[in-house]
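Examining the three-dimensional arrangement
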Amino acid sequence: MRLMKSNPLAPLCTAARPTRVRAGFTLGELLLSITITIAVFSAAVPFFTLQMRQLQQNLGRSDAQMTGRFAQNTIDRELRNIGIGTTGMDPANGIPRNQPKIVQAGPFSVTFNTDLIAADTVDIKAVYYDPNVPLALTTALASVGAITLPVTGVSYPDYVYRDGNGALSLAETISYWATVDSTSGFADEFILFKRTNNGPVSVVARGVRVPAGQSLFSYRRVNAAGNIIVVPSAQLPIRWNDASQLADSIRTVTISLRGIVRGYNLQNKPQTFEREVTSQTSLANIGLSQRNSCGDIPLDAGVPGAALVNILGVWRVQVTFGASGDEASGERDVERYAVFRRPLGGSFDEPVAAVGKSGGPYMWEDFNLDSGNIYEYGVAAQDCSPANSSIRTTAAVLHP
């Protein structure tokens, strides 16, 4: 059998097989895919843009709310501590009145005294402790450091308020006020400021709006009948040294403002975002604590009247008046009422009678008549110090 030998050159003689070529995208397919991609992005970009603008709007509203809340909370937190550490009168040492709790109450400014901060641990009444604060900002103002009250030309203090040991009172003078922001271009946009004593002025908040015709601060007070009433704007500002003593009768402070942020709406046009913030702060250290102890000079008695009457042939002058606002409410420290009498054009000397508290209304009768003479009567509320309110005067009465 003949064996066949393999030919090493045989593969070279075999015909080459054709390779498979993979087809690519045609021009039409490329154009279609590009068109679809553009369409998708054309639809997506406005959507995302709208979402971004919506987010910016929400942030604008949130920022406006935060601005208003921060301003309101800052003032509210410190107003609640009003009156802490204030000192009483000391006529023997030239201090004829108590250190006022409220120094000034105006539509765009409020100034008050309180022991807010201490630089040492000795002052245990202080609300805050800060070892870095200058000592001059931890005690009452001295006369050499008198300030001009914000939004006014009035100087304060008029006396150097000291404690019973002769040391300066530890209650500082805190001022908050707002003035128009001249850089904003809007007459109702304000900057809120703060100052302690005569220290540096700091900015509390910008972007605070108070609409025209409204006030940043409004107040409620207790009247002679013991009712809480709104203080009319015509009576503002009220100051510590007003003869009416209205400052002692203020019981609440209402803060009304709007935080604003300027941004853009969904159509990318300028828009102002604002949020209104209103809060009412009760001044617990000016009467609402309902303490039955001597505090400030008592509020005046109700408006007195005097009438000449004849009962069963006996002439007498009946003096009538209402209760002080500090008898049944407020500080509740009124113990009695002093009744005075003076000739027309004369001066009041010692009281001619004392009427014990009983809730009012009150009447006292004067049988000690001086025929042919004209007299005026006066009434003052007296607390447990004893300290008198101002004397409220009746009309003149001719004795028969």
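Above: the structure in question.
The sections below set out a description of the structure shown in this document. (Residues numbered from 1 in each chain as written. Predicted model: local features only at pLDDT ≥ 70, side-chain atom pairs only at ≥ 80, totals over all residues. Heavy atoms only, no water.)

1. Section: a nonpolar patch on the surface
Selection rule: Patch membership requires more than 30% relative accessible area and the absence of a salt bridge. Residues of like charge join within 9 Å; the nonpolar side chains Val, Leu, Ile, Met, Phe, Trp and Tyr join within 5 Å. Using a 1.4 Å probe, accessible areas were evaluated by the Shrake-Rupley method; residue-level cover was limited to the displayed protein chains. The rule for a salt bridge is simple: a side-chain nitrogen of Lys or Arg has to be within 4 Å of a carboxyl oxygen of Asp or Glu. Here's how the labels work: a residue is buried when its accessible area is under 20% of the maximum for its type, exposed when over 50%, partly exposed in between, all with a 1.4 Å probe on protein chains only.
On the surface, a cluster of nonpolar side chains totalling about 290 Å² of accessible area is made up of L32, I36 and V40. L32 sits in the exposed class, given a relative accessible area of 53%.

2. Structural notes on the sheet that holds strand β19 (residues 362-366)
Adjacent strands of a sheet pair through backbone hydrogen bonds, lying either parallel or antiparallel. Operational definition: At least two DSSP bridges between two strands are needed for those strands to be called paired. Numbered from the N terminus, helices here are DSSP runs of H or I no shorter than four residues, and strands are runs of E no shorter than two. Each axis is a line fitted through C-alpha atoms, taken for helices only over the stretch in contact, and angles between the N-to-C directions span 0 to 180 degrees.
Here we have 3 strands laid out as an open sheet, ordered β15-β16-β19, and antiparallel in their pairing. Two strands lie at the open edges of the sheet, namely β15 (305-311) and β19, each paired on one side alone. The average angle at which neighbouring strand axes cross in this sheet is 30 degrees, direction not considered. Examined bridge by bridge, β15 and strand β16 (residues 314-321) share 7 bridges and lie antiparallel to one another. Paired with A307 across the two strands is Q318, which belongs to β16.

3. Topic: the pairing of strand β20 (residues 374-383)
Most of β20 is tucked away: 9 of the 10 residues are buried. As paired elements, strand β17 (residues 334-343) and β20 share 9 bridges and run antiparallel to each other. The residue bridging V339 from the neighbouring strand is V379, located in β20. Pairing geometry for β20 and strand β21 (residues 392-393), over 2 bridges, is antiparallel. The residue bridging V379 from the neighbouring strand is R392, located in β21.

4. Regarding the nonpolar core
Quick note on the threshold: Put simply, a nonpolar core is a bunch of buried Ala, Val, Leu, Ile, Met, Phe, Trp, Tyr and Cys residues held in one set by side-chain atoms that sit within 4.5 Å of each other.
Judged by nonpolar contacts, the single largest core of 34 residues is most densely connected at L79, Y176, L216, F217, Y219, I238 and L283. Contributing elements (two or more residues each) for this core: α2 (27-79), β1 (102-105), β2 (109-114), β7 (172-180), β8 (189-196), β9 (202-209), β10 (217-222) and β13 (250-264). Among the elements that take part in this core, β13 stands out by supplying 4 residues, more than any other. By size, the runner-up hydrophobic cluster in this structure holds 17 residues, among which are A301, V334, Y337 and A353.

5. Observations concerning the environment of Q72
Worth spelling out the cut-off: Only heavy atoms enter the contact rule, under which two residues are in contact if any of them lie within 4.5 Å.
The topology assignment puts Q72 in helix α2. Classification of Q72 by relative accessible area gives buried; the value is 4%. Between the C-alpha atom of Q72 and that of S279, which follows or precedes it by 207 residues, the distance is 7.4 Å. In contact with Q72, other than residues within four places in its own chain, are I255, L257, V277 and S279.

6. Details of the side chain of T173
The following threshold applies: Between N or O atoms, a polar contact is any pair within 3.5 Å; within protein, one atom must be a potential hydrogen donor and the other a potential acceptor, and residues adjacent in sequence are included only when both atoms are from side chains.
Tracing the chain through its elements places T173 in strand β7. Under the relative-accessibility criterion, T173 is labelled buried at 1%. Of note is the side chain of T173, whose polar atom sits 2.7 Å from the side chain of N113. Those residues within four positions of T173 in sequence are excluded, and the remaining contacts are T111, F112, N113, L141, I147, Y156, R195, T196 and N197.

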